[in-house]
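Residues per chain, in single letters:
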Amino acid sequence: MPLYCDVAVAVPLDMAFTYAIPEGMEPVVGGRVLVPFRQRRMSGVVLEMHDRKPNVPTKKVIETLDLTPVLDEHLIKLGRWISGYYLSPVGEVFRMMLPLGAEFKKVITYRITEAGQMALHLAGMSGSSARSRRAPEEQAAEFRVLDYLVNREALGEEAPVREQTLRSATRVAHAVLSGMVRKKWLAREDVSAAQDATPMVNIAVLRSAEGKLNDNQQKIVETLAASGGRLHVDNLRALEVPRTTLSTLVRRGLVELVEEPTGLGISRSKPRPSPFEFDFSPAQKSALARLRAAVAARTFSGMLLHGVTGSGKTAVYLAAMRSVLDAGRSAILLVPEIGLTPAVAADLHQIFGDEVAILHSALSDQERAAHWHRIRQGEARIVVGTRSAVFAPVSDLALIIVDEEHDSSYKQEETPRYHARDVAVMRAKMANAVVVMGSATPSLESYFNARKDKYALIELPDRVEQRPLPAVEIVDMRLEFQETGREQVISRKLADEIRQRLERSEQVMVLLNRRGYSPVALCRSCGQKLECKNCAIALTHHKREHKMVCHYCGYVAPVPRTCPYCNSEYVYFLGTGSEKLEELLHSIFPQARIARLDRDTVRGHEDFERTLNGLNEGELDIVVGTQMIAKGHDIHGVTLVGVVGADVALGLPDFRAAERTFQLLTQVAGRAGRGQTPGKVILQTYFHDHYAVQYAANHDFLGFYEKELRFRSWMHYPPYSALANVLVRSDKLDDALNWSGTLGKWFECTRHEGVRVLGPAAAPILRLKRDYRYHFVLKSPSREKLNATLRAMLAYAVQQKIPRTQVIVDVDALWLM
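Quick notes on the rules
- Counting starts from 1 at the beginning of each chain's written sequence and moves along it residue by residue.
- Given that the model is predicted, a residue must reach a pLDDT of at least 70 before its local features are reported, and side-chain atom pairs must reach 80 or more before they are shown or counted; all residues, however, enter totals for whole chains, interfaces and linings.
- Side-chain numbers here rest on the full set of heavy atoms in the structure, without hydrogens or water.
- Secondary structure elements follow DSSP: runs of H or I no shorter than four residues count as helices, runs of E no shorter than two count as strands, and numbering proceeds from the N terminus.
- Here the globule rule reads 2.2 Å times residues to the power 0.38, and the radius of gyration is calculated from C-alpha atoms.
- Three labels apply to residues, based on accessible area from a 1.4 Å probe with only protein chains included: buried if under 20% of the type maximum, exposed if over 50%, partly exposed otherwise in between.
- We call two residues in contact whenever any of their non-hydrogen atoms come within 4.5 Å of each other.
- Each accessible area is a Shrake-Rupley result for a 1.4 Å probe, and residues are judged covered by the shown protein chains and nothing else.
- The charge count treats Lys and Arg as positive and Asp and Glu as negative. His and the chain ends do not count.
- Lysine's charge is taken at NZ, arginine's at CZ, aspartate's at CG and glutamate's at CD.
- When DSSP locates at least two bridges between a pair of strands, those strands are taken to pair.
- Scored between 0 and 100, pLDDT is the confidence that the predictor attaches to each residue.
- All axes are obtained by fitting lines to C-alpha atoms, using only the stretch in contact for helices, and the reported angles, taken between N-to-C directions, cover 0 to 180 degrees.
- Under this definition, polar contacts are N or O atom pairs within 3.5 Å; protein pairs additionally need one hydrogen-donor-capable and one acceptor-capable atom, and for neighbouring residues in sequence, both atoms have to be side-chain atoms.
- Oblique is the label for every angle not falling under 35 degrees (roughly parallel), over 145 degrees (roughly antiparallel), or within 65 to 115 degrees (roughly perpendicular).
- Three classes are used: nonpolar for Ala, Val, Leu, Ile, Met, Phe, Trp, Tyr, Cys and Pro, charged for Asp, Glu, Lys and Arg, and polar for all others, with Gly counted as polar.

Enquirer: Report on the overall build of the chain, specifying residues and quantitative values.
Expert: Of the regular secondary structure elements, the chain holds 25 helices and 35 strands. What you see for the chain is a C-alpha radius of gyration of 30 Å, in line with the 28 Å of a compact globule of 817 residues. Its C-alpha atoms give the chain principal-axis dimensions of about 85 × 75 × 65 Å. In the chain, which comprises 817 residues, the share counted as buried stands at 53%. Taking the contacts inside the chain whose residues are at least 6 apart along the sequence as the reference set, 76% of them involve residues at least 24 apart. When the accessible surface of the chain is totalled, it reaches about 37,800 Å², and 49% of it is carbon and sulfur. Charge centroids of the chain, computed over 105 positive and 95 negative side chains, lie 4 Å from each other.

Structural data, given as structure tokens:
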């Protein structure tokens, strides 16, 4: 048995750590172990076992968490590639790849030391009341902690107290406890350990119905009796009775609460008609034949499936996945939004039954771990999910499908900053599998690669059953203002078209890609706008919840009655968000059944499924929403799509602004006319002659691609060069300026052949989540040279003692704000 193992621990350091293996312990490569790291216990992944003795003293592995590998050699190789390509700490990469956080419980305990007891005794000699009266708040908080711990010991209760219990009982912050540890008044111990992560559910069991009951109690007892004496607690809480009613019944012994393992639901969405119930078009048959042939060859193949909206791409995906499953192999389907997962999962469950598993962030930690183990044990060979599903531990992987491959949601905006589409390509290459990227509006990079024969290009040029693409009409909002004399949110044309659809009992979607009621609160006296205290961003007014919200950091402030700067009463709310649009539509069409889909109304996947099911069942007339409604939904009753503020993104300082606008307009237009009735789209814009708007109105992807490509080639932007964004941040402005200046001088004084460096410059959003931000943009036709330059820059930053967490490297960056 080897003496040492190298462990990837989730810390922001670009290295693995060597630990000694105690006698009798048998860790495995790809398995997890519990190790000491500084003053903490952490879980990590074993990357290598060896007999090479380090030059420094080594700590010992505390515990082996897995008897068999949780990551096979292919996934370990993939994780190392991600770490190298995206310049991310290897431990953080493997933590992201393993959704098993629920199996490890972090527990920190505290106990009072002799020094702490002495401090409390000395303070007591001067009188506790005087101490409380004279002491500053921090000192008072410290003595509350000491009092609490001494009283527990006096009562014979357990001496070490968990941090959560201690903080809750004494109302102190973590920083206070850390300060007391430094003073040696408290001893801190990390007792984190593995735990059972089986998803559990609370069940109410009726034990007796005897005795006097009030009306609320009677309602619960009758509901339980009607359900066979057992019911999910959440179902009881849906009854209109106080929450204390159930507690009273439990205390009286009439009802018992028991925990039971929960079943893993796949989706509450109703499955759509099977794609195999209608004849495939010749183009679909040809695409499917090419996919099946590539899978059968058992060699790597990359394919771009470019099909117009409604061309039946999903049917091709499902048919190819069925072929894979029939051959006893596995497939992964990636979708960009959690909101798309339920509908696709319902389709897959209808076809493949219990062979389906889902992976996305809206699941609880326990549910994700349970699905992950089903996949690893071979119980589910079809996986559907968002970007993290690309790491699903399937065996004998044959096919990865990246639906809506252009979508920016596939790019993670926190460390590790990987792009799931590109990782899918690399995983397929390592596994000799086939990767299919599908979209009606492929990214310029993917389509460029297909035209250069790096990927096979498959076209689906027509909608299924020869249905026509929707007619698109552009409304110039400048003319609308001239003719009506006032600012309009909903143009006369759009209002008239909606009215016609409602009269014919058809359905409407209206897109406004901006949340909230009003995006800006402005004082008309002093001209100041209400900004987030943590970000250089205007707060958004949310009328229904009576608050101002920052959509970047989550900061919440009350709605101002007066200007916080000059105390004027003339606070004016400018602009329109999806909440205000919903209100306007209710006022214009009071009889219409209207719902809103955005991040404010969708708190979980159940909310999304409920709204989409209502739309599919004809229970809704109009759905208002942000880009959530633009992606992939197949609602046959929708015959009109209205786009309000179609050109919002064109004003952003982003070289991808035109591409994003074209993609969003084309995708949302594709929601119209997917049934038997032809569809129509109304685009409201102030830039009616912009080429992104014109090409989207004409459903002309190739025309847009060729024009946009010319601009990219002139400015050496992707796909003609690789791009990285280096962000230097700090909550102190001086540090951010000094560090970015230090790196800027290094870039100036060091030769970087084939790499162009822009900056340093203030980021477009200068302050975000309390950090001041300055950035560099690096461009190079050679990815190898770009990677080497970034590595050298990070090494220099370490030499200059710039904290690694304060230098963010985003390779293939999509967001430069």
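Once you've had a look at it, read on.
Enquirer: Break down the pairing of strand 17 (residues 382-385) for me, with residues and values.
Expert: Remark: a regular strand shows side chains that alternate across the two faces of the sheet. Here strand 17 shows two buried faces, one formed by Ile382 and Val384 and the other by Val383 and Gly385. Here strand 15 (residues 330-334) runs beside strand 17; their pairing, made up of four bridges, is parallel. Following the sheet pairing, isoleucine 332 is matched in strand 17 by valine 383.

Enquirer: Which residues make up the confidence of the model for the chain, and what are the values?
Expert: On average, residues of the chain carry a pLDDT of 88, and 94% of them reach 70 or more. Confidence over residues 128-134 falls short of pLDDT 50; this stretch has five contacts with residues more than four positions distant or in other chains.

Enquirer: Residues and numbers for the sheet that holds strand 35 (residues 807-811), please.
Expert: The four strands lie next to each other as 33-34-32-35, forming an open sheet whose pairing is antiparallel. Where the open sheet ends on each side, the last strands, each with one partner, are strand 33 (756-768) and strand 35. Across the sheet, the axes of successive neighbouring strands diverge by a mean angle of 20 degrees, strand direction being ignored. Relative to strand 35, strand 32 (residues 722-730) runs antiparallel, the two being bridged by five bridges. Of the residues in strand 35, the one forming a bridge with leucine 727 is isoleucine 808. Strands in contact with helix 24 (residues 733-749) are strand 32, strand 33 and strand 34 (771-780); relative to strand 34, the strand with the most contacts, it is inclined by about 20 degrees.

Enquirer: For the sheet that holds strand 4 (residues 40-50), give the residues involved together with the corresponding values.
Expert: Across the sheet, five strands lie side by side as 2-1-4-3-5; this open sheet has antiparallel pairing. Of all the strands in the sheet, the pair left with one neighbour each is strand 2 (17-20) and strand 5 (63-64). Bridge analysis of strand 3 (residues 32-37) against strand 5 gives two bridges, and the strand direction is antiparallel. If you follow valine 33 over to strand 5, its bridge partner there is threonine 64.

Enquirer: Lay out the side chain of threonine 441 with the relevant residues and their values.
Expert: If you trace the backbone, threonine 441 turns up in the loop between strand 19 (434-439) and helix 16 (444-451). At 3.1 Å, the side chain of threonine 441 and the side chain of glutamine 667 are in polar contact. Contacts of threonine 441, omitting those with residues within four sequence positions, involve His406, Phe662, Gln663, Thr666, Gln667 and Phe701.

Enquirer: Hey, could you go over the packing of helix 16 against helix 23 (residues 701-715) for me, with residue numbers and the actual values?
Expert: Put simply, helix 16 and helix 23 touch, their axes get as near as 11 Å, and they point 100 degrees apart. One finds that helix 16 runs roughly perpendicular with respect to helix 23. On the side of helix 16, the interface is formed by Leu444, Tyr447, Phe448 and Arg451, while helix 23 contributes Phe701, Leu702, Phe704, Tyr705, Glu706, Glu708, Leu709 and Arg712. Of the residues in the contact of helix 16 with helix 23, the class split is eight nonpolar, no polar and four charged.

Enquirer: Describe the packing of helix 8 (residues 215-226) against helix 10 (residues 243-251), naming the residues involved and giving the relevant values.
Expert: In a packed pair of helices, the relevant descriptors are the angle between the two axes and the axis-to-axis distance. Here helix 8 crosses helix 10 at 75 degrees, and the two axes come no closer than 10 Å. As summarised for this structure, helix 8 and helix 10 are arranged roughly perpendicular, according to the angle between their axes. Where helix 8 approaches helix 10, its residues Asn216, Gln217, Ile220 and Val221 are matched on the opposing element by Thr245, Leu246, Thr248 and Leu249. Of the residues that constitute the contact of helix 8 with helix 10, the class distribution is four nonpolar, four polar and no charged.

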